[in-house]
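What follows is each chain in one-letter form.
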Amino acid sequence: MVMRRIVKPKNQRVKRALQKREPKIVENTKTAMFIKGGKTSERITDVLKNLQPLKKPDAVLLKRKNIMRPFEDETPIEFLADKNDASLFMFGSHSKKRPNNLVLGRLYDHHILDMVELGVTSFKSMDNFKIEKCAVGTKPCLVFCGEQFDNSPEFIRLKNLLTASTSVCSYV
């Protein structure tokens, strides 16, 4: 059995910070981090910038280049998640071996729970469509077609991750 240390606040600021991290009856919404890798292509940067407004009130776009590899060492992402109090992340990078790479991930207690790596082959920005801008807090609708999203564990995990990262209503 592990004994947890009880931290007593020394001032009011620390007390408020500890109260924010306490368990709650109604949890906060999931905050998402949008992280640019060390090298990112223009396509991946546009993907991150277009996905961020879908999660807008609960999104943090990190503009500085972060040189990290999520599948090799997860500690930098866990550090950023703890710092920004985020439970979801999207990491974009570009390399010769993995061009236009997008990694979606979920965190629990500021530790990585699961990650999915996607390759972006084609992308149309929201600016290309002649429509009004979407309002903040608008929930997009995702449609998952095919038996794979019901039978294959990898596709079920991808569906869960996509619906969690955009907080949408989904139809199968």
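Just so we're clear, the structure is a prediction, and the values are computed from it rather than from any experiment. (Residues numbered from 1 in each chain as written. Predicted model: local features only at pLDDT ≥ 70, side-chain atom pairs only at ≥ 80, totals over all residues. Heavy atoms only, no water.)

In this section: the packing of aromatic side chains. Scanning the entire structure with this criterion turns up 2 aromatic pairs. Centroid distance Phe144 to Phe149: 5.1 Å. Interplanar angle 55 degrees. Geometry classified as tilted. Considered together, Phe144 and Phe149 belong to a single accessibility category, that of buried residues. Judged by centre distance (5.3 Å) and plane angle (85 degrees), the rings of Phe149 and Phe155 are edge-to-face. (Phe/Tyr/Trp six-rings, centres within 6.5 Å; stacked < 30°, edge-to-face > 60°. Buried < 20%, exposed > 50% of the residue type's maximum accessible area, 1.4 Å probe, protein only.)

When strand 1 (residues 32-37) meets strand 2 (residues 59-66), the two strands line up parallel, connected through 5 bridges. Pairing of Ile35 across the sheet is with Leu62, part of strand 2. Each parallel crossover has a hand, and the one from strand 1 via helix 2 (residues 42-51) to strand 2 is right-handed. (Pairing = 2+ DSSP bridges. Helix = DSSP H or I, 4+ residues; strand = E, 2+ residues; numbered from the N terminus. Right-handed = clockwise from strand over helix to strand, strands pointing away.)

Spatial ordering of the open sheet is given by 2-1-3-4-5, a layout of 5 strands whose pairing is mixed. Single-partner strands in this sheet number two, and they are strand 2 and strand 5 (111-119). On average, each strand axis in the sheet is tilted by 20 degrees relative to the strand beside it, whichever way the strands run. The pairing of strand 4 (residues 101-108) with strand 5 spans 8 bridges and is classified as antiparallel. Of the residues in strand 5, the one forming a bridge with Arg106 is Asp114. Strand contacts of helix 3 (residues 75-84): strand 1, strand 2, strand 3 (88-93), strand 4 and strand 5, with the helix running at about 140 degrees to strand 1, the strand carrying the most contacts. (Axes fitted to C-alpha atoms, helices over the stretch in contact; angles between N-to-C directions. Contact = heavy atoms within 4.5 Å.)

Positionally, Asn84 belongs in helix 3. The class of Asn84 is partly exposed, set by a relative accessible area of 25%. Along the sequence, Asn84 and Asp150 sit 66 residues apart, while their C-alpha atoms lie 34 Å from each other. What Asn84 contacts, discounting residues up to four positions off in sequence, is Thr31, Met33, Val60 and Leu62.

The element strand 3 is extensively covered by neighbouring structure, given that 6 of its 6 residues are classed as buried. Here strand 3 shows two buried faces, one formed by Leu88, Met90 and Gly92 and the other by Phe89, Phe91 and Ser93. Pairing between strand 1 and strand 3: 5 bridges, direction parallel. Counted as the bridge partner of Ala32 is Leu88 from strand 3.

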